[in-house]
Amino acid sequence: FVSLQQQFPVPAMKLEGPSAADSQLEFTVATEKDFEEILAISQGIYGGLDYLPSRYHAWIHEPNRTVVLAKKNGMVIGLQSVYIIDAGETALVEGLRVAPWERGKGVAGILQRFCSAMVKEKHPEVKVSRLTRDDKLGPKDLRKYRIVATQGILLVRFQAQELLSRLDAAMLALAEGGFSPEPSELLSENEVPEIILKEAFRSEVLPNQTIIQDWQPFKATKSNLSLLQKKSLCWVVDQKVHPTVATLSTQPFSIPLGKDWHYLNIDAFGRNLAHLKSQLIHHLRLQVPALRGSVMCQLFLEPHLWLEMAAFCQVALGLELAKGYTEQYLLESDI
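If you're wondering where the values come from, they're calculated on a predicted model, not measured in any experiment. (Residues numbered from 1 in each chain as written. Predicted model: local features only at pLDDT ≥ 70, side-chain atom pairs only at ≥ 80, totals over all residues. Heavy atoms only, no water.)

Q: Sorry, what's going on with the UniProt feature "domain: N-acetyltransferase" (unreviewed entry) in the protein here?
A: Within the UniProt annotation, "domain: N-acetyltransferase" (unreviewed entry) is assigned to residues 25-160. Along residues 25-160 the backbone is 28% helical and 38% strand, and the end-to-end C-alpha distance reaches 44 Å. (UniProt positions renumbered as here; feature names shortened; annotations may be inferred. Helix = DSSP H or I, 4+ residues; strand = E, 2+ residues; numbered from the N terminus.)

And the structure:
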């Protein structure tokens with residue numbers, strides 16, 4: 001394997017705590033052969049919604065990304081990915097995990113400090129580090145990070161084919177109750193930069209001029225859109241001339257929650273609830289027909305819209321609420 005300590009002059013660091021005082025961590029670049037070990041340390045991550053199994057093989061070959069492993073006695077016990085975005089100005093930190101039997105020993109902090117030192121050495125042009133979290137922030141976090149944006153997280157589940165079989169009837173019932181879907185338009189690949197990069201859209205629609213795509217925050221720039229357009233994303237807006245609401249769905253992928261479970265992510269930008277409801281239906285019609293089995297759908301939206309959107313999902317669409325209100329925090333710190 002390749003030793004990162006041979007590439008970057010980072011001082012050797014040891015685990016803290018009496019049980020690990022004499023054990024030294026080694027940092028290496030992740031490879032294909034490490035995949036099974038990484039799965040072994042990731043059991044139960046994110047409540048079964050772990051994205052890493054579906055992305056790992058792409059991550060280790062992705063330009064400007066380094067997936068760092070922490071090893072102890074030759075065994076993988078930690079992982080963190082560093083992805084250079086925003087035309088080289090930002091290090092996006094993702095995928096942090098530590099083996100269950102090594103948690104509470106300071107491994108995560110050591111791994112994070114090593115990655116930070118690696119970025120300074122390998123990418124001196126990077127100015128800030130960004131990450132997203134969904135746990136409660138404490139005073140220590142608020143001293144370390146700036147909050148760039150906050151989104152409410154709405155998690156629902158459903159059976160793909162069962163939802164499709166009754167979606168038309170649900171829409172008819174909504175119409176009879178006075179609900180009229182708002183206009184929504186799917187953007188072509190060529191239309192995305194023309195609309196998303198407009199100053200009015202960036203400042204009026206996006207949270208702090210940031211595209212948050214399935215936990216990844218990108219500044220709304222041409223270089224970042226080039227990265228995003230490699231992902232087969234679906235952008236929907238209320239209108240193409242001057243959009244006030246936009247939603248972005250990610251290609252669904254399998255998750256380790258159980259057999260035939262998939263994850264569908266939808267990021268919503270804007271404050272008009274009626275448009276968000278209509279665009280949610282639009283994305284369901286776009287993404288669900290290709291799926292079989294069970295689906296976990298995570299919708300990120302303005303926090304004050306969460307309650308009404310949750311009621312709409314349950315009552316109008318018959319989706320099951322899988323979790324109560326939580327928040328996604330986009331955090332930033334200087335390198």
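Q: I would appreciate a short explanation of the nonpolar core in the present structure.
A: The nonpolar side chains of a soluble globular protein tend to be buried with one another. Ranked by size, the top nonpolar core spans 41 residues in total, and within it Phe27 and Tyr56 carry the most contacts. Residue contributions to this core peak at seven residues, all from helix 4 (residues 107-122). Residues contacting tyrosine 56, with those up to four places away along its chain left out, are Ala30, Thr31, Glu32, Asp34, Phe35, Ile38 and Leu79. Grouped together as the second largest cluster of nonpolar side chains are 33 residues, Phe158, Val245, Ala268 and Leu273 included. (Core = buried A, V, L, I, M, F, W, Y, C linked by side-chain atoms within 4.5 Å. Buried < 20%, exposed > 50% of the residue type's maximum accessible area, 1.4 Å probe, protein only. Contact = heavy atoms within 4.5 Å.)

Q: How should the packing of aromatic side chains be read in this particular structure?
A: Summed over all chains, the structure comprises nine aromatic pairs. Ring geometry for tryptophan 235 and phenylalanine 269: centres 6.4 Å apart, planes at 35°, overall tilted. In this pair, tryptophan 235 sits in strand 10 (residues 234-237) while phenylalanine 269 sits in strand 13 (residues 261-269), placing the two residues 34 residues apart along the sequence. On the basis of relative accessible area, tryptophan 235 is assigned to the buried category, the value being 4%. By relative accessible area, phenylalanine 269 is classed as buried at 1%. When the ring of tryptophan 306 is compared with that of tyrosine 325, the centres are 5.4 Å apart and the planes differ by 85°; the resulting orientation is edge-to-face. A residue pair is termed long-range when its members are at least 10 positions apart, and tryptophan 306 in helix 11 (residues 306-316) and tyrosine 325 in the loop between strand 15 (320-321) and strand 16 (326-334) qualify at 19 residues. With a relative accessible area of 35%, tyrosine 325 lands in the partly exposed category. Every member of this aromatic cluster is reached through a ring pair, and the members are Tyr46, Tyr51 and Trp59. (Phe/Tyr/Trp six-rings, centres within 6.5 Å; stacked < 30°, edge-to-face > 60°.)

Q: Sorry if this is basic, but what is going on with the pattern of salt bridges here?
A: When the charged atoms of two side chains with opposite charge come close together, those side chains can pair. Taken as a whole and assessed by the stated rule, the structure comprises 21 salt bridges. Between aspartate 334 and arginine 146 there is a salt bridge, and its shortest N-O distance comes to 3.0 Å. Of this pair, aspartate 334 sits in strand 16 while arginine 146 sits in strand 6 (residues 146-159), and the two are 188 residues apart along the sequence. Using a relative accessible area of 55% as the deciding quantity, one classes aspartate 334 as exposed. Between glutamate 199 and arginine 202 there is a salt bridge; the shortest N-O distance is 3.0 Å. With glutamate 199 and arginine 202 both in helix 8 (residues 199-204) and three residues apart, this pair spans about one turn of that helix. One continuous salt-bridge network, built from bridges that share partners, spans Arg130, Arg146, Glu332 and Asp334. (Salt bridge = Lys/Arg side-chain N within 4 Å of Asp/Glu carboxyl O.)

Q: Looking at this structure, how should I read the environment of proline 181?
A: Following the sequence through the fold, proline 181 ends up in the loop between helix 6 (160-176) and strand 7 (185-186). Along the chain, proline 181 and serine 278 lie 97 residues apart, while their C-alpha atoms are 5.3 Å from each other. When sequence neighbours within four positions are dropped, the list of residues in contact with proline 181 reads Met171 and Ser278.

Q: Even after reading the chapter, I still don't get the pairing of strand 11 (residues 246-249), so can you show me in this structure?
A: A regular strand places its side chains so that they alternate between the two faces of the sheet. A two-sided burial pattern is seen for strand 11, the buried positions comprising Ala246 and Leu248 on one face and Thr247 and Ser249 on the other. As judged from the four bridges shared by strand 10 and strand 11, these two strands associate in the antiparallel manner. Residue valine 237 lies in a different strand from strand 11, and its bridge partner there is alanine 246. Bridging between strand 11 and strand 13 involves four bridges; their strand directions are antiparallel. The partner of threonine 247 across the bridge, within strand 13, is alanine 268. (Pairing = 2+ DSSP bridges.)

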